[in-house]
Each structure stands twice: as C-alpha cells, then as structure tokens.
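# What the coordinates show
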Amino acid sequence: MKELQEELCRHGRRAASLGLVIGTSGNLSVRAGDLVTVTPSGVALDALTPEDCPVLTLDGEIVSGSRAPSSETPMHLSLYRATGAGAVVHTHAVFGTVVASTLTELPAIHYNALLLGGTVRVAEYATYGTPELAANVVRALEGKQAALMANHGSVSIGRTLEEAFEATRLLEWLCEVYVRALGVGTPRVLTEDELVAVIARASKGSGNA
C-alpha cells in the first residue's frame, strides 16, 4: 500500500495547487483489492505524508495507521461496494460547488460531458459523513463517473486515482464553462441527437477535437 499512499499524497498536493480544495476540505482514496487507503481527517491535502493515510477494509475496519480516516470515508466505501471503482476523489472546488448549490443537474453544455456519462446529477443534500449522504451519492453516480453534491462539492470515481482525478478536473471545467456562459446569456445545451452523433463519430476512431 505504500505506493498507493504516496500516490494519494501526490494527488492531494495537485488538488491543493489547482484550487480544488481549501485547507483540510476534500478527500481522496484508492483501492487495492479488499483494502482502501484514504486521506486522514484534519490534515491539509498539501501537507500529507504516506504515513498519514490509514488503510481500511471495505467494511471500514482500520488495518493500519494512527490517524483517523476522513469523515467522508463511509461515502468512499459505499462507492467502492456499489461501483467496483478503483479510486474516489471528493473536492469542494468553487464552480462545482456553485452549480451544486443552485441546480439539480449540470446539463451537457459541451460534448466532453459524455466522458463523465453525460448530464451530471446533483445528489440530494445530507449532512456530511452520514449514511444518508453516502446513499444519495451512490444514486447520483449510477451509470456516471462524476456527480455533484448539493450545497457541498463534487465526487468522481475511476479505475485509477489518476482517472478519478482527471474526471474531477473535467467536471470543474464543465461547471466553470456553464457558470461563465450564464453571465453572457442562456447556455445552449446539446440535444440528445447531437450527443449521439458525437458518440457515433468517436466510435469510428476520429480522435479528440
């Protein structure tokens, strides 16, 4: 697990440097089989050391580490059990939190939303760290790679920590585009037919655009 703990620290520093988290907010985890290492409670993500990151079973039993796991660990473990993901990233990034505090979903304003599963749902609000919030997020992520959390932030999953982190970055970019577009006028949302056409073109190996 040492390599995965080091990877958590690297991505924690990236999250802080990109402004995706402030202070001790946000948390990340990565899975190896039936074990998960997660960022600890009360430690800024840009100040982590591998030894800070506890290791738990999927049932929440602490296997190693002296620090308490993140308060959002129940959500992470619920997502692993429900989705089979390899990593989870939760942040309080500005534009994602703005959208999560005002809308019930982020519409597909750009075709790259397809990389996250299309329209991004906003999970219903519940107190952080509770089973209710975990259940709400699991529902919002069904068939998706990312979701927003009402009046809270965002969460992304991936096969690897890098994949989950890039999904987080993409979601924040989509939220920023939408919020800035609202300042100009009414954003034009892509239709179902337009999104299907993008999928069809991508399936022909047309590359990125």
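Our structure's up above, just so we're on the same page.
Everything quoted here is computed from the prediction, not taken from an experiment.

## Describing the overall build of the protein
Helices and strands together make up the secondary structure of the protein, namely six helices and nine strands. Taking 2.2 N^0.38 as the reference for a compact globule, 209 residues should give roughly 17 Å; the C-alpha atoms of the protein span a radius of gyration of 17 Å, in line with that estimate. Each principal axis of the C-alpha atoms in the protein carries an extent, and together these give about 50 × 35 × 30 Å. Put simply, the protein has 209 residues, and 48% of those count as buried. Considering only contacts in the protein between residues 6 or more positions apart, those separated by 24 or more positions represent 63%. Accessible surface, the protein: about 10,100 Å² in total, of which carbon and sulfur atoms supply 52%.

## Description of the pattern of salt bridges
All told, the structure shown has seven salt bridges when counted by the stated rule. Measuring nitrogen to oxygen at the nearest pair gives 2.6 Å for the salt bridge that ties E163 to R159. Of the residues examined, E163 reaches a relative accessible area of 24% and is grouped as partly exposed. In this structure R159 comes out as exposed when scored by relative accessible area, which is 69%. With a closest N to O distance of 3.3 Å, R169 and E166 form a salt bridge. With R169 and E166 both in helix α5 (residues 161-182), this residue pair falls three residues apart, about one helical turn. Its relative accessible area of 37% is what places R169 among the partly exposed residues. Each of R14, E162, E166 and R169 takes part in one network of salt bridges that share partners.

## Overview of the nonpolar core
Counting residues in each nonpolar core, the largest one holds 21 residues, and the members touching the most others are L106, L116, V120, L148, L171, L174 and C175. At the level of secondary structure, the elements contributing two or more residues to this core comprise α3 (94-100), β7 (120-123), β8 (146-149) and α5. Element by element, the count of residues in this core is highest for α5, at six residues.

## Some thoughts on helix α4 (residues 131-140)
Listed in full, the buried residues belonging to α4 are L133, A134, N136, V137 and A140. For α4, the buried positions fall inside an angular range of 165° around the axis, keeping them on one side. Seen from the buried face of α4, the exposed residues on the opposite side, beyond 90 degrees, are P131 and R139. Contact partners of the buried residues in α4: α2 (73-83), β7, β8 and β9 (153-158).

## Points about helix α1 (residues 2-17)
In this model, α1 (16 residues) spans 23 Å end to end at C-alpha, consistent with the 22 Å of a helix rising 1.5 Å per residue. Here α1 has its buried residues at L4, Q5, E7, L8, C9, H11, G12 and A15. Of the surrounding secondary structure, the elements contacted by the buried residues of α1 are β1 (27-32), β2 (35-38), β3 (55-57) and α5. Positive backbone phi, at 75°, marks G19, one or two positions downstream of α1.

## So, the environment of E61
Checked against the element boundaries, E61 lands in the loop between β3 and β4 (62-64). Using a relative accessible area of 54% as the deciding quantity, one classes E61 as exposed. Distance in space between the C-alpha atoms of E61 and C175 is 36 Å, their sequence separation being 114 residues.

## Some thoughts on the pairing of β9
Judged by how many residues are buried, β9 sits mostly within the fold: six of six residues are covered. What you see with β9 is no split at all: G153, V155 and I157 on one side and S154, S156 and G158 on the other are buried throughout. Sheet topology note: the strand β5 (residues 87-91)/β9 ladder contains five bridges and is antiparallel. Bridged to H90 within β9 is V155. Two elements, β8 and β9, share four bridges in a ladder whose sense is antiparallel.

## Here we look at the side chain of K144
Within the secondary structure, K144 sits in the loop between α4 and β8. At 2.8 Å, the side chain of K144 forms a polar contact with the backbone oxygen of G117. Beyond its immediate sequence surroundings of up to four residues, K144 is in contact with L116, G117, G118, T119, R121 and I157.

Parameters and conventions
Residues numbered from 1 in each chain as written. Predicted model: local features only at pLDDT ≥ 70, side-chain atom pairs only at ≥ 80, totals over all residues. Heavy atoms only, no water. Helix = DSSP H or I, 4+ residues; strand = E, 2+ residues; numbered from the N terminus. Rg over C-alpha atoms; globule rule 2.2 N^0.38 Å. Buried < 20%, exposed > 50% of the residue type's maximum accessible area, 1.4 Å probe, protein only. Contact = heavy atoms within 4.5 Å. Areas by Shrake-Rupley, 256 points an atom, 1.4 Å probe, with all protein chains shown as cover. Salt bridge = Lys/Arg side-chain N within 4 Å of Asp/Glu carboxyl O. Core = buried A, V, L, I, M, F, W, Y, C linked by side-chain atoms within 4.5 Å. Arc of directions from axis to C-beta. Expected span 1.5 Å × (residues − 1). Pairing = 2+ DSSP bridges. Polar contact = N/O pair within 3.5 Å; in protein donor to acceptor, adjacent residues only side chain to side chain.

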